[in-house]
Amino acid sequence: MLVKTVCFILIVCFASANDYISAIKVPGNVLGIKATSKAWMSANFVNFKAYPMVNIKTNDSQANRLNYNNGVKTIKIKALYDGKNIAFLLKWRDTTENIAKKLETDSFEDGFGIEFPTQLEVIPYVNFGDRKYSVIYYEAKAGIVQYSKKQIFDNNKNYINVKQEVFQYQGFNSSKKINFKNSNITMDLIYKNGYWLGSLSKQIVDKFSSQNSGAFIISFSVYNGQNMQRGRLRNLTPWIAVKLEGVDGGEQLINKIGEQITANVKNGEKIALKNCSICHVYKKVKNAPKYMAPDLSFVGGYGNLDYLKESILDPNRVQVEDFTKTAHPNFSWIEKNENNKNSSIMPSFDWMSQSEINDLLAFLQTLK
Ligand code: HEC
């Protein structure tokens, strides 16, 4: 009997993935560092998965078709810091080099984005933040512009101009351009042997991001121009912890962000089929009407455990908005409640037992 109880207790246990980025301390200044700099040899790449964003469809049927079978991508990431500034290097496979041509407004470029929370108290929605908790998004895309003296040619004769932009997001459809001219932010992008190399360097603490322990969180995305990817149509990593080598603290955050739940996945799958598949499609389960609610096929990949839990118990904390009314004409995901406040049409499932919730969460974590 005693043994049984122990086993029962052990069915629900938490484990942490140890995948985080260790920023290596280097002498000198990492600000302005290029993607091909030798300094990068001091650090090793760690592989992270970036999940296709399918939860909200665009209103471009061609782009939706091109991305229909878009799979999970691997981004190799490393980081350096010099005490005051931090730099990230990303490397990802892309068999086609897509560069926006001058005067072509409908061509799509390859590129990448890096997202930082604007505050540290609450972890924002990884997919562009939400109304309450915004994120800063640094984006670099490849393009060709006219030659001028200052510009450099790469080996393949193309001048690659990095189109660098910084936005503040409070959810989809809310981008606010930020003037970063005096902010010491530089991004670089170079195509070599079937891979893109992209770098970002910035001050660790600046107008938008603070830092109070040895770790913080960040998320990465890559765009494939060939598939007409842009904005929210991209491959996205979950929040990833960055640990500053030699600075104490932050272990709690690292553990929290990588939390995995071990519970009864099979039972969770049954619970989802009964309670969630009327609204949500995910993987092969396509009972729900099209666009009734976000597609959950990769939600376990980009959503951390707390976010998944909160989505079930308090659907109003983060409201994923279906702003593309032309793509989703039949269903509104957000309604006005009696106080004229936005409210999700998703009901709370807080009536479920703790073990049912755990099983459901364990199942959701397999959706990736
Ligand atoms: C009545 C329809 C409905 C039901 C039933 C429903 N949901 Fe939702 N769900 C929605 C809508 C609409 C949204 C988008 C608005 C929001 O964020 O609340 C959403 C959002 C979500 C999200 C966030 C998705 C993202 O891309 O970030 C998750 C996770 C989720 N639901 C899980 C569930 C689970 C698990 C169940 C079953 C226990 C469930 N939902 C049942 C309608 C529903």
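Residues numbered from 1 in each chain as written. Predicted model: local features only at pLDDT ≥ 70, side-chain atom pairs only at ≥ 80, totals over all residues.

## Comments concerning the site of the ligand
If you check the shell around the ligand, you find 26 residues, and the closest are Cys276, Cys279, Ala293, Ser344 and Met346. Those elements that place two or more of their residues in the shell around the ligand are helix 4 (265-275), helix 6 (305-313) and helix 7 (354-364). It is helix 6 that contributes the most residues to the shell around the ligand, three residues altogether. Counted by class, the shell around the ligand contains 19 nonpolar, seven polar and no charged residues. (Near = placed C-beta within 6 Å. Helix = DSSP H or I, 4+ residues; strand = E, 2+ residues; numbered from the N terminus. Nonpolar A, V, L, I, M, F, W, Y, C, P; charged D, E, K, R; others polar.)

## Structural notes on the packing of helix 4 against helix 7
Closest axis-to-axis distance for the helix 4/helix 7 pair is 7 Å, and the angle between their directions is 95 degrees. The orientation of helix 4 with respect to helix 7, classified from their angle, is roughly perpendicular. Seen from helix 4, the contacting residues are Val265, Asn267, Gly268, Glu269, Ile271 and Ala272; seen from helix 7, they are Glu356, Asp359, Leu360, Ala362 and Phe363. (Axes fitted to C-alpha atoms, helices over the stretch in contact; angles between N-to-C directions. Parallel < 35°, antiparallel > 145°, perpendicular 65-115°, else oblique. Contact = placed C-beta atoms within 7 Å.)

## Topic: the nonpolar core
Of all hydrophobic cores here, the largest spans 86 residues; its most connected members are Ala79, Ile240, Ala241, Val242 and Leu361. Per-domain counts for this core show at least three residues from each of domain 1 (18-257) and domain 2 (260-364). In contact with Val242, other than residues within four places in its own chain, are Tyr20, Ile21, Ala23, Ala79, Ala215, Phe216 and Ile218. (Core = buried A, V, L, I, M, F, W, Y, C linked by C-beta atoms within 7 Å. Buried ≥ 20, exposed ≤ 12 C-beta atoms within 10 Å, placed from the backbone. Domains from an automatic or database assignment.)

## Brief notes about the environment of Met41
Relative to the helices and strands, Met41 resides in the loop between strand 2 (21-25) and strand 3 (46-52). By C-beta crowding, Met41 is classed as exposed, having 8 other C-beta atoms within 10 Å. A C-alpha to C-alpha distance of 9.8 Å links Met41 and Lys78, two positions 37 residues apart in sequence.

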